[in-house]
Amino acid sequence: MVRGKTQMRRIENATSRQVTFSKRRNGLLKKAFELSVLCDAEVALIIFSTRGKLFEFSSSSMHDMIERYRKCTNDVHSNKPPALQDIQNLKFETACLAKKIELLEVSKGKLLGEGLGTCTLEELQQVEQQLEKTVCTIRDRKMQVYNEQIEQLKEKEKTLAADNAVLSAKCELQPTQESNEDKEYSPSTETENSDVETELYIGLGKKITSMDRSSFGTFKRKYLNFITQ
């Protein structure tokens, strides 16, 4: 069988990632040893696993190799202008970020169902596991939002119930006050008072009844003028 092309991206499955690390680490150490023997080159190799375990190979003393490396890098950095060194660092970081963005775009496309025709069974299983985790996360968040909304509605219900109780108490007191006021100021009393005729006796016993104010004022002025004369 023709071996498929391996995509240069992080392996999501932990078991597969550990197996691949062991195989490629041994192959890399073997290649470093062969390079040092066949080409009489000084080779130093340092590897740290994801758990922090150290793996190293050196054709001579590792300490001497590290000191030689530091000396060479210091000489190179001292000869380069600072601006040029910064530009090179920025270019390197830009390239790394562009590579990460590309990998993220590929991963996003697979999650959306794009480019799955060239994926292996293992890659499809990884996509499926990632989708299942995403769905579980969305469901958990959805339930959390529902619970928060339910709690808010319960608090609102309690507040409305308290307001309703206060309004009910006010409505029960208001008819009692209105009935008392109606008793004190009943229309019958006013009618009785309005039906009383005002009688006025002036001079020789002339009786004036049912006189309006304007007529009474005119009569009063004439009477005062008559007395003063």
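Residues numbered from 1 in each chain as written. Predicted model: local features only at pLDDT ≥ 70, side-chain atom pairs only at ≥ 80, totals over all residues. Heavy atoms only, no water.

If you look the protein chain up in an unreviewed UniProt entry, it shows as Agamous-like MADS-box protein AGL19 from Heracleum sosnowskyi.

### Quick word on the overall build of the protein chain
Secondary structure summary: the protein chain contains six helices and four strands in total. In the protein chain, the succession of helices and strands from N to C terminus is α-β-β-α-α-α-α-β-β-α. The buried share of the protein chain, taken over its 229 residues, is 10%. Here the analysis covers contacts within the protein chain between residues at least 6 apart in sequence; of these, 23% occur between residues at least 24 apart. Only carbon and sulfur atoms are counted for the fraction: they give 57% of the accessible area of the protein chain, which is about 20100 Å². (Helix = DSSP H or I, 4+ residues; strand = E, 2+ residues; numbered from the N terminus. Buried < 20%, exposed > 50% of the residue type's maximum accessible area, 1.4 Å probe, protein only. Contact = heavy atoms within 4.5 Å. Areas by Shrake-Rupley, 256 points an atom, 1.4 Å probe, with all protein chains shown as cover.)

### Here we look at the pattern of salt bridges
All chains considered together, the criterion is met by three salt bridges. R10 is paired through a salt bridge with E12; the nearest N and O atoms lie 3.4 Å apart. For R10, a relative accessible area of 51% corresponds to the exposed category. (Salt bridge = Lys/Arg side-chain N within 4 Å of Asp/Glu carboxyl O.)

### Here's the deal with helix α1 (residues 14-38)
Helix length check: α1, at 25 residues, gives a terminal C-alpha distance of 36 Å against a target of 36 Å (1.5 Å per residue), a fit within 8%. Every buried residue belonging to α1 is among S16, R25, A32 and S36, and all of these are buried. Where α1 begins, the side chain of N13 points an oxygen toward the backbone nitrogen of T15, at a separation of 3.1 Å. Just downstream of α1, D40 is the residue with a positive phi angle, here 55°. (Expected span 1.5 Å × (residues − 1). Polar contact = N/O pair within 3.5 Å; in protein donor to acceptor, adjacent residues only side chain to side chain.)

### Describing the pairing of strand β2 (residues 54-58)
The side chains of a regular strand alternate, residue by residue, between the two faces of the sheet. Only one face of β2 is buried, namely the one carrying F55 and F57, since none of L54, E56 and S58 on the opposite face is buried. In this structure, strand β1 (residues 44-48) lies alongside β2, joined through five bridges in antiparallel fashion. Its bridge partner being in β2, F48 is matched across the sheet by L54. If you look at the hairpin formed by β1 and β2, you'll find five residues sitting between the two strands, and G52 has a positive phi there, around 90°. (Pairing = 2+ DSSP bridges.)

### Some words on the packing of aromatic side chains
The tally for this structure, following the rule as stated, stands at two aromatic pairs. Between F33 and F57, the ring centres sit 6.3 Å apart and the planes meet at 80°, which makes this aromatic pair edge-to-face. Note that F33 is positioned in helix α1 and F57 in strand β2, a separation of 24 residues in sequence. Under the relative-accessibility criterion, F33 is labelled partly exposed at 47%. Above the ring of F55, the side-chain terminus of R25 is found at 4.2 Å from the ring centroid. (Phe/Tyr/Trp six-rings, centres within 6.5 Å; stacked < 30°, edge-to-face > 60°. Lys NZ or Arg CZ within 6 Å of the ring centre and 35° of its normal.)

### Some points on the confidence of the model for the protein chain
Per-residue pLDDT for the protein chain has a mean of 78; in total, 74% of the residues score no lower than 70. Counted against residues more than four places away or in other chains, residues 187-210, with its pLDDT under 50, gives 18 contacts. (pLDDT = per-residue confidence, 0-100.)

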